[in-house]
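What follows is the residue order along each chain.
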Amino acid sequence: MNKNHSHFWISIGLAACILLCIVVLILIIFNQNNNGSTLTLDGYIGAMATLIAICTAIMLGAQIYSIYHRSQTEKEYDQKLEQITDWFRNSTEEYNRELAKLSKTNNTLNMIKYHVNNALGSMHYNEDRKFDGIIDVLENIYILVNNAELFSVDDQIDKLQAACYYIAKNLKQYKKDKLYISKDPKGINRIQERWNKRIRQLDEILVGKPLCDTKKQIFENLKKLSIIFNEMLDGLIYEKDAYRMSDEDMNTLKAMAKD
């Protein structure tokens with residue numbers, strides 16, 4: 001029996017009491033008319049007390065039944081809640097285990113990508129594809145920043161400094177790059193789009209991120225390199241053979257890569 005059913009039986013009890021009162025009054029009046037007797041106050045009070053007792057008994061019984069049913073419902077609810085809680089706890093534990101496995105796999109993949117990029121960077125450098133080598137190095141900077149937990153702080157700093165060095169070194173030798181020699185606009189655009197996409201992603205990651213002074217300087221250098229690289233690529237697209245890197249930019253590169 002739910003709350004609505006309880007109210008239903010209480011209403012029935014009240015209706016029955018009212019009906020009994022009416023019936024008793026009718027019987028009393030009818031009895032007076034037939035016998036000419038007079039209903040005394042004690043008699044009236046006794047009759048009303050009997051009716052009130054009946055009403056009280058009906059209402060009390062309905063309330064007792066309602067309380068009993070409610071306690072049973074709450075018990076069932078608690079059991080269901082406990083089952084749901086257990087299921088949720090088990091599902092959460094299973095999810096966390098799978099997430100840990102996935103995270104471990106993802107970390108392994110990132111480390112593999114890092115070493116592959118290193119290998120590609122060296123290969124591209126030796127093949128006079130300096131610009132592709134620069135992109136390889138930038139990909140590793142993205143891995144370093146986006147997966148900082150894979151590297152110690154000192155290791156991150158060493159690798160980031162080395163990355164800026166290799167980018168500057170490749171830019172110094174831009175005239176040896178095959179794209180510079182061919183002036184292929186599609187190839188140059190491809191390099192520029194890949195570079196700027198990663199630079200934007202790095203900026204988003206670094207917004208509001210606390211950095212030590214050394215890392216701040218590294219990323220300031222990376223911004224300078226980005227400006228120089230974009231100016232170079234724009235020059236190769238629009239100026240073609242007329243493009244020459246400025247002495248200021250070349251001196252900046254020489255300061256970052258002295259060999």
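Small disclaimer: the values here were computed from a predicted structure and weren't measured.

Definitions and cut-offs
- Residues numbered from 1 in each chain as written.
- Predicted model: local features only at pLDDT ≥ 70, side-chain atom pairs only at ≥ 80, totals over all residues.
- Heavy atoms only, no water.
- Helix = DSSP H or I, 4+ residues; strand = E, 2+ residues; numbered from the N terminus.
- Contact = heavy atoms within 4.5 Å.
- Areas by Shrake-Rupley, 256 points an atom, 1.4 Å probe, with all protein chains shown as cover.
- Buried < 20%, exposed > 50% of the residue type's maximum accessible area, 1.4 Å probe, protein only.
- Expected span 1.5 Å × (residues − 1).
- Arc of directions from axis to C-beta.
- Axes fitted to C-alpha atoms, helices over the stretch in contact; angles between N-to-C directions.
- Parallel < 35°, antiparallel > 145°, perpendicular 65-115°, else oblique.
- Left-handed = near helix turned anticlockwise from the far one by under 90°.
- Nonpolar A, V, L, I, M, F, W, Y, C, P; charged D, E, K, R; others polar.
- Patch = residues over 30% accessible without salt bridge, like charges linked within 9 Å, V, L, I, M, F, W, Y side chains within 5 Å.
- Salt bridge = Lys/Arg side-chain N within 4 Å of Asp/Glu carboxyl O.

A. Just the overall build of the protein chain, in detail. Helices and strands together make up the secondary structure of the protein chain, namely eight helices and zero strands. Relative to all contacts within the protein chain whose residues are 6 or more apart in sequence, the contacts with residues 24 or more apart total 78%. With the model as given, the accessible surface of the protein chain reaches about 16800 Å², and the carbon-plus-sulfur share is 59%.

B. Quick look at unusual backbone geometry. In this structure, Asp-128 takes a positive phi of about 60° despite not being glycine. Judged by its relative accessible area of 30%, Asp-128 falls in the partly exposed class.

C. Representation of helix H6 (residues 185–206). With 22 residues, H6 extends 31 Å from end C-alpha to end C-alpha; this agrees with the ideal 32 Å at 1.5 Å per step. Residues Gly-187, Ile-188, Ile-191, Gln-192, Trp-195, Arg-198, Ile-199, Leu-202 and Leu-206 constitute the buried set of H6. Buried residues in H6, looked at end-on, bunch into an arc of 140°, giving them a common side. Exposed side of H6, more than 90 degrees from the buried face: Lys-186, Glu-193 and Glu-204 are the residues found there.

D. How the structure looks around the side chain of Glu-139. Looking at the secondary structure, you find Glu-139 in helix H3 (residues 130–146). For Glu-139, a relative accessible area of 15% gives the class buried. Setting aside residues no more than four positions away along its own chain, Glu-139 makes contact with Asn-117, Arg-194 and Arg-198.

E. Spatial organisation of the side chain of Lys-169. Structurally, Lys-169 is set in helix H4 (residues 153–172). For Lys-169, the contacting residues outside a window of four places in its chain are Tyr-125, Ala-257 and Asp-259.

F. Local environment of the packing of helix H7 (residues 213–238) against helix H8 (residues 247–256). At a minimum axis distance of 11 Å, the contact between H7 and H8 shows a crossing angle of 140°. Relative to H8, the element H7 is oriented oblique. The two elements H7 and H8 meet at a crossing, and its hand is left-handed. Only Asp-249, Thr-252, Leu-253 and Met-256 of H8 make contact with H7, whose side of the interface consists of Asn-221, Lys-224, Leu-225, Ile-228 and Glu-231. Looking at the contact of H7 with H8 residue by residue, the classes come out as four nonpolar, two polar and three charged.

G. Summary view of a nonpolar patch on the surface. Taken together, Leu-109, Ile-112 and Val-116 make up a surface patch of nonpolar side chains, about 250 Å² in accessible area. Turning to its location among the elements, Val-116 is positioned in helix H2 (residues 41–126).

H. Representation of the pattern of salt bridges. Scanning the model with the defined rule gives seven salt bridges in all. Two residues, Asp-86 and Arg-89, come together in a salt bridge whose shortest N-O distance is 2.8 Å. With Asp-86 and Arg-89 both in helix H2 and three residues apart, this pair spans about one turn of that helix. Residue Arg-89 is classed as partly exposed on the basis of its relative accessible area of 41%. In this structure, Asp-132 and Arg-129 form a salt bridge, with 3.2 Å as the shortest nitrogen-oxygen distance. Through salt bridges with shared partners, one network takes in Glu-127, Arg-129, Asp-132 and Arg-190.

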